[in-house]
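# An overview of the molecular structure
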Amino acid sequence: MDFDLTEEQRLLSETVSRFVADRYDFHSRLKAMAEERGYSRAIWDQMADLGLLGLPFAEGDGGFGGGGVETMLVMEALGRGLVVEPYAGAVLMAGGALRLAGSPAQKAARLEGIIAGQYLMALAHSEPDGPRHTVDQLRTRGVVDGDGWRLTGAKTAVIAGDSTDELIVSAVTPGGVTLFLVDPQADGIAVQGRSGYDGCRVADVRLDGVWAPANAVLGGVGSGSATLTRLFEEVTAALVAEAVGIMTDALNTTVDYLKTRSQFGVAIGSFQALQHRAVDMMMQVELARSMAILAALSLEMPAVERRLNIAAAKAKIGQAARFVGQQAVQLHGAIGLTLEYKIGHAFKRLTAIDALLGDADHHLDVIAEAGGLPAIG
Amino acid sequence: MNLDFTDEDRAFRADVRTFLAEALPDDLRRKMVERRHLAKEDIVRWQRILNARGWAVPAWPVEWGGQPWTPTQRYIFQEEMALAHAPEGSPFNVNMIGPVIARFGTEEQKRRFLPRIANIDDWWCQGFSEPGAGSDLAALKTSAVRDGDDYVLNGQKIWTTQAQYADWMFALVRTDNTGKKQQGITFLLLEMKSPGITVRPIPSIDGISDLNEVFFDNVRVPVANRIGEEGRGWDYAKHLLGHERSGIARIGLSKERLAQLRQLRADLAARGMLTAAEQARLDRKLAEVAVELRALELTQLRVVAADAAGGGAAGAASILKIKGTELQQRMTELTLELAGPAGLGVPDHHGEGDGTDGWRAAAPLFYFTMRKVSIFGGSNEIQKNIIAKTMLGL
């Protein structure tokens, strides 16, 4: 039982925290959101310079071989700054699919660019007209055509999908779900980007008989569900950590506001009703922090423990994020409703995190079906 | 970071488990499983078994019967006790007055009281609350006036748990009215059979008469039974309330109760007593409890680890107390829901012989009795005041 960081982990955490504190104030976020691609290339380059884009990749592939704890530290720090750059979407999600399933040749062709911030990938998996949280109940189809494949279907919520160099598309094929590397400029693809309510850029992607050669298959025909299952566990753990970072900052900002905002001639933080609400927020943040640690460490556990502990973490974070987000807005009063102020942005990103990769209800169902949680320790 | 217990801790857990499996009397275990009220003799009997093993008061100083355990080992011990359905012993003896005497008592007081406290040769009760001093404990008025080698007490305590069993009371009394109300409070030890003490039971919603009023009419207490200095009782009381937090969230207890809830749900379903919709609803509620419990377990372990490293946050005990009690109460609600109307005809009986399963008869009383946990030991609202002040700076 050890909750201490190694010296390297502490250094990583400090480095990212300092980067966020020095380079990413709320104004930076607004500026990044206003750029054409919905985030800042300059910030992305700085993240590459810090080595963050290579963090999860193996040292042999030019990365740093970071695991769950390292990713947790980075995501929590990015969450504190409400960083809008698509670290989770491009590096952890799409990059993760490549890392988990890619052949040596596929990795060799892309990882250097990803780690340097020069090559962007996006996972096109969620569908607008199918089940919400699934790795295999898809409507997008891949059919064999000559020595390749034809892909047809619709995808949504593709993170940074309109500025990506390459898509990874999931589709049902003979033998199961298969992942395909797809050029977003290919014939038959329509990509429509927009800003999500959380400030992050997302895209809808339509595929109409898009050609994919045989060597575009990522990880073997029919292996997609297994890859996505593992991948979503990793990214869920990362999102949980991001939520903890956002909640931490929202709590601190709210407590500061309670100490400075004066009404009835006193700081409103002197009112017990508001003090207790702030305490309720704080307790949820600490419980959520515990679950982020659990999720990160669960990634090394056997399959059943891993799956259920991560489900528990996401369920808890979904509930905590809703409560903390709502109360941060409430305790700020009307200023919490404005786009000029960061609390509203924190609230919206927390709301999105609950919706992504299974909301609290979905994960509670997973645990209920399993008959509870396995013991830890 | 890792969640693994060390080999040493695992071996320790195995030792504790083996001992408990052998040493816990079966009738006690059954009473605990069925949530029946324990008699004084039950608690004393178990405490003496533990004491014979040297484990009755592990958190005390070693010279007075404590164990040189780490916070992690104390956590494991408490968890194993709960999982084995072992009674908890008297908190007034083990967690409250013992540590105070060990820390602030004279050598004479230690020699006289501590061995008897550990073995429950004396049963202790806590004389803190008064009719006008609950959450605002420092407003207490029971007066102690010096008269030669004695104090003379007049006044009243209330909500005194198990005063009907008690041989001794540790009490906060007022010896000075002139300064701040926290000053002028003195910590005294008094014998319950002293002339002038009257104990009156207060029937409570759980059908148990464990709460009492205690009246003092010119009760003489030797000055030798004062803890520390006159007027510093408030400091000693604060030490008592913050003494031991490796078990404060009562994770083991909640784990055991959740496991039992699952068992009860399975039994009722097997007997065709739950509709499919009811089963799904219960499973969902049990999943929510499991998630809350896991989050609390990790939080408790973080606090244990921080304490082991000597750097735990001051308000953390309050978080654990609030969330731990909320979870315990939530589980009593689920037990009540599972029992259905079967416990309705049982106003004050504790689960014995009503032609229905013992636990179903006990469920409502269990629910009612557990309302106390968010009130005693500093209500959850007072805990929030503490967190707001110490951790948020509000």
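In this report, the structure presented in the accompanying data block is examined. (Residues numbered from 1 in each chain as written. Chains lettered and ligands numbered in written order. Predicted model: local features only at pLDDT ≥ 70, side-chain atom pairs only at ≥ 80, totals over all residues. Heavy atoms only, no water.)

We now examine the overall build of chain B. On a plain count of helices and strands, chain B comes out with 12 helices and 8 strands. Scaling as 2.2 N^0.38, a compact globule of 394 residues should have a C-alpha radius of gyration of about 21 Å, and chain B matches this with 22 Å. Counting only C-alpha atoms and orienting by the principal axes, one finds that chain B spans roughly 75 × 50 × 45 Å. Out of the 394 residues in chain B, the part that is buried amounts to 53%. Summarising the internal contacts of chain B: among those between residues at least 6 apart in sequence, 73% fall at separations of at least 24. A total accessible area of about 16800 Å² is found for chain B, and carbon and sulfur atoms account for 51% of it. (Helix = DSSP H or I, 4+ residues; strand = E, 2+ residues; numbered from the N terminus. Rg over C-alpha atoms; globule rule 2.2 N^0.38 Å. Buried < 20%, exposed > 50% of the residue type's maximum accessible area, 1.4 Å probe, protein only. Contact = heavy atoms within 4.5 Å. Areas by Shrake-Rupley, 256 points an atom, 1.4 Å probe, with all protein chains shown as cover.)

Successive side chains on a regular strand alternate, one facing one side of the sheet and the next facing the other. All names here are of chain A. Where strand β2 (residues 141-145) meets strand β3 (residues 148-159), 5 bridges bridge the pair, whose relative direction is antiparallel. The partner of Asp145 across the bridge, within β3, is Gly148. Where β2 folds back onto β3 in an antiparallel hairpin, the turn is made up of 2 residues, including Gly146, whose phi is positive at roughly 65°. (Pairing = 2+ DSSP bridges.)

Looking now at the environment of Ala82 of chain B. Residue and element names in this part refer to chain B. Relative to the assigned elements, Ala82 resides in helix α4 (residues 71-83). Taking C-alpha positions, Ala82 is 5.1 Å from Gly252, a pair spaced 170 residues apart along the chain. Not counting residues within four places of it along the chain, the set of residues in contact with Ala82 comprises Gly252, Leu253 and Glu256.

Residues and elements named next belong to chain A. In contact at an axis separation of 9 Å, helix α7 (residues 224-260) and helix α8 (residues 272-298) are set at 160° when each is read in the N-to-C sense. Here α7 lies roughly antiparallel to α8, going by the angle between them. Between α7 and α8 lies a crossing of left-handed hand. Every residue of α8 that contacts α7 at Ala237, Val240, Ala241, Val244, Met247, Thr248, Leu251, Thr254, Val255 and Leu258 is listed here: Leu274, Ala278, Met281, Met282, Val285, Ala288, Arg289, Met291, Ala292, Ala295 and Ala296. Residues belonging to the contact of α7 with α8 are distributed by class as follows: 18 nonpolar, 2 polar and 1 charged. (Axes fitted to C-alpha atoms, helices over the stretch in contact; angles between N-to-C directions. Parallel < 35°, antiparallel > 145°, perpendicular 65-115°, else oblique. Left-handed = near helix turned anticlockwise from the far one by under 90°. Nonpolar A, V, L, I, M, F, W, Y, C, P; charged D, E, K, R; others polar.)

Worth remembering: the numbers are spatial, not functional.
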